[in-house]
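Results of the structural survey
Read off the chains here:
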2 protein chains.
Amino acid sequence: MEAARGGDRRVLARLLSAIERGDDQSRAIDQAAFGLVGQAYTVGITGAPGAGKSTLTSATVATARALGERIAVLAIDPSSPFSGGALLGDRTRMNEHALDDGVFIRSMATRGHLGGLALATREAGRLLDAVGFPWILIETVGVGQVEVEVAGAADTTVVVVNPGWGDSVQANKAGLMEIADVFVVNKADRDGAAQTAHDIEGMLDLTRGVADDGWRPPVVSTVGTTGAGTQEFWDAIVAHRCHLESTGGLEQRRQDRLRDELVLVVQHRLRAEAEARVAAADRERIEHDLLHGRIDPWTAADQVLGDR
Amino acid sequence: MEAARGGDRRVLARLLSAIERGDDQSRAIDQAAFGLVGQAYTVGITGAPGAGKSTLTSATVATARALGERIAVLAIDPSSPFSGGALLGDRTRMNEHALDDGVFIRSMATRGHLGGLALATREAGRLLDAVGFPWILIETVGVGQVEVEVAGAADTTVVVVNPGWGDSVQANKAGLMEIADVFVVNKADRDGAAQTAHDIEGMLDLTRGVADDGWRPPVVSTVGTTGAGTQEFWDAIVAHRCHLESTGGLEQRRQDRLRDELVLVVQHRLRAEAEARVAAADRERIEHDLLHGRIDPWTAADQVLGDR
């Protein structure tokens, strides 16, 4: 941890790999990081695949750097449980920052289940905080549940959409309206960008009456490939941060996150225990009975958990 | 159960509601159903929102009915954990079958978490099997993890895409290639349908060498709104069924599913236990210490689990 705090990128990468694996080491790393956090501000960037999040993130990093801010980027990859491989698209756009000491970029895959992703994301954010990055961007190619879990790890959640989103059928549109602190209409040089921003404002009128905490998500238009609008985007993030800090909302969000995380950690531990139990001695007999229709899954679960 | 087996739709709907809620009743229902299953064949239909799955499903139901087959449809709705509401699109298309005694259609929402959805889907499928439907279509608006979990509940998994899919960036494309037993290019009256079918064949060439079990997913083109191609689609499903039955693959899949389900049930029970434990006696003190930085989440989890 000391080496990572001193700026050793290879050590930092190794610590993040341990967190990604979720092995025994990760607990020790996370516990060490826990005592050192508190200075970083975390921004989650989410939206459908192809929305241009990676390009926008890269342009935003450039904006932050121009303002002298040090910044870390975590690109979360909810990869297929089958392939296990990285399916991230345009990572290469990030290469422009590869030689900048004020920027750290890292992709992270899941640990095989969604609870694992949520935990690993929080722990990785905490580590980047502990080693001294004042800004952390968490970008996900996720959709649905993954977006929501990543939003649960961020102080400010940004939802990136494209022109036409207002008309599109999207399963989790309502969920996105609820998690967004800032909306970005990216690829705003395409037809229909103004209409989409207008549609989002209309949806915000519908879903947020007198806003819960007085914050109405701004809708910012950007062109990630040219960097147009990224300054306004950064300003919107900073404005939301100021709002949260001045209303006590930031402290509240972070406390809620810690409470959630406690449940996640307990689940994770119990899940590991369950897997170990099903793998143990009696497994073959229980499975045999289950597969031959002698016992149903509930009774089999009773037997697996029976020795507790 | 007897009333539902006798054809009482209101009773069947009530049993499915209990399964959806996942309450104590659902265990008894599922255990009763477990002893009565074995005749039904389950087809999972998945793909991105807007791909026209609902329309295709409805057209397929019409095809099956014309062949004299009784059929049940489960429309799985992985709704936002925030809104909790149904976001299914074009349910109204199903209305044409509302008066047909040989068809049963039901939407099911999640039970708040993905493990719950996977379990509820399996239990609902088992119930529909137990009450005597020989064909069960499970349609999901899901993406990513949800698709994979629904695929885990079906004998044959159908992936529905639209013209242009070959060019699209989609986070879980590789995962879809792996779960598909049948590919459907729906809305095939649009530009690029032939090219998309060609692209999928090319991807199949790449990802499936000498196929694991000798089955190469056929790529069928349909127009759900007119019913064009739905006979070929049905034939492809029946062909895959015959393949699985003749190779022993069906028995293998079902055994694998039961094994998975056992792990799911055990996880589900442990998750409920985790929530209960965190909510229990010492919670306030542990949370207080956690929120004030006196203990980290791991130590807090130790304390929650400490009485074991």
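Residues numbered from 1 in each chain as written. Chains lettered and ligands numbered in written order. Predicted model: local features only at pLDDT ≥ 70, side-chain atom pairs only at ≥ 80, totals over all residues.

What follows deals with the overall build of chain A. When helices and strands are tallied, chain A shows 12 helices and seven strands. Within chain A, the proportion of its 308 residues that are buried is 49%. Relative to all contacts within chain A whose residues are 6 or more apart in sequence, the contacts with residues 24 or more apart total 76%. (Helix = DSSP H or I, 4+ residues; strand = E, 2+ residues; numbered from the N terminus. Buried ≥ 20, exposed ≤ 12 C-beta atoms within 10 Å, placed from the backbone. Contact = placed C-beta atoms within 7 Å.)

All names here are of chain B. Interhelical geometry of helix H4 (residues 53-66) versus helix H9 (residues 230-247) gives an angle of 75 degrees and a closest axis separation of 9 Å. Taken together, the axes of H4 and H9 lie roughly perpendicular to each other. Here Ala 59, Thr 60, Thr 63 and Ala 64 of H4 lie close against H9, whose contacting residues are Thr 230, Gln 231, Phe 233 and Trp 234. Partitioning the contact of H4 with H9 into residue classes produces four nonpolar, four polar and no charged. (Axes fitted to C-alpha atoms, helices over the stretch in contact; angles between N-to-C directions. Parallel < 35°, antiparallel > 145°, perpendicular 65-115°, else oblique. Nonpolar A, V, L, I, M, F, W, Y, C, P; charged D, E, K, R; others polar.)

Let us look at unusual backbone geometry. Backbone geometry places A:Lys187, a non-glycine residue, at a positive phi of 60 degrees. Mapping A:Lys187 onto the fold places it in the loop between strand E6 (182-185) and helix H8 (193-207).

Bringing the environment of A:Ile138 into the picture now. Residue and element names in this part refer to chain A. Mapping Ile 138 onto the fold places it in strand E4 (residues 135-140). Residue Ile 138 is classed as buried on the basis of its C-beta count, with 27 C-beta atoms lying within 10 Å. Through-space distance from the C-alpha of Ile 138 to that of Arg 122 is 9.9 Å; in sequence the pair is 16 residues apart.

Residue and element names in this part refer to chain A. Here E4 lies mainly inside the structure; six of its six residues are buried. Because side chains alternate across E4, one face comprises the buried residues Trp 135, Leu 137 and Glu 139, and the other comprises Ile 136, Ile 138 and Thr 140, equally buried. Of the pairings in the sheet, the one linking strand E1 (residues 41-47) to E4 comprises five bridges and is parallel in character. Looking at E4, one finds that Thr 42 is bridged to Ile 136. (Pairing = 2+ DSSP bridges.)

Formed by 162 residues in total, the largest nonpolar core has its most connected members in A:Leu127, A:Phe183, B:Leu127 and B:Phe183. Sequence-distant contacts of B:Phe183, that is, excluding residues within four places in its chain, are made with B:Val159, B:Val161, B:Ile200, B:Pro217, B:Val219 and B:Val220. (Core = buried A, V, L, I, M, F, W, Y, C linked by C-beta atoms within 7 Å.)

This part is about helix H12 (residues 297-304) of chain B. For H12(B), every residue scored as buried is listed here: B:Pro297, B:Trp298, B:Ala300, B:Ala301 and B:Val304. For H12(B), the arc enclosing every buried residue in end-on projection is 160 degrees, short of the 170-degree limit, so these residues lie on one face. (Arc of directions from axis to C-beta.)

All names here are of chain A. Of the residues in chain A, 80% reach a pLDDT of 70 or more, and the chain-wide mean stands at 81. No element of chain A has a lower mean pLDDT than helix H6 (residues 145-151), which averages 61, and none a higher one than strand E7 (residues 219-221), which averages 97. Contacts from residues 80-92, a stretch scored under 50 in pLDDT, to residues over four places away or in other chains number 33 contacts. With pTM at 0.67, the complex prediction returns an ipTM value of 0.72. (pLDDT = per-residue confidence, 0-100.)

Owing to its 3.6 residues per turn, the α-helix brings residues three or four apart onto one side. Along helix H3 (residues 24-34) of chain B, the positions that sit buried rather than exposed are B:Ser26, B:Ile29, B:Asp30, B:Ala33 and B:Phe34. Taken around the axis of H3(B), the buried residues stretch over an arc of 135 degrees, which confines them to a single face.

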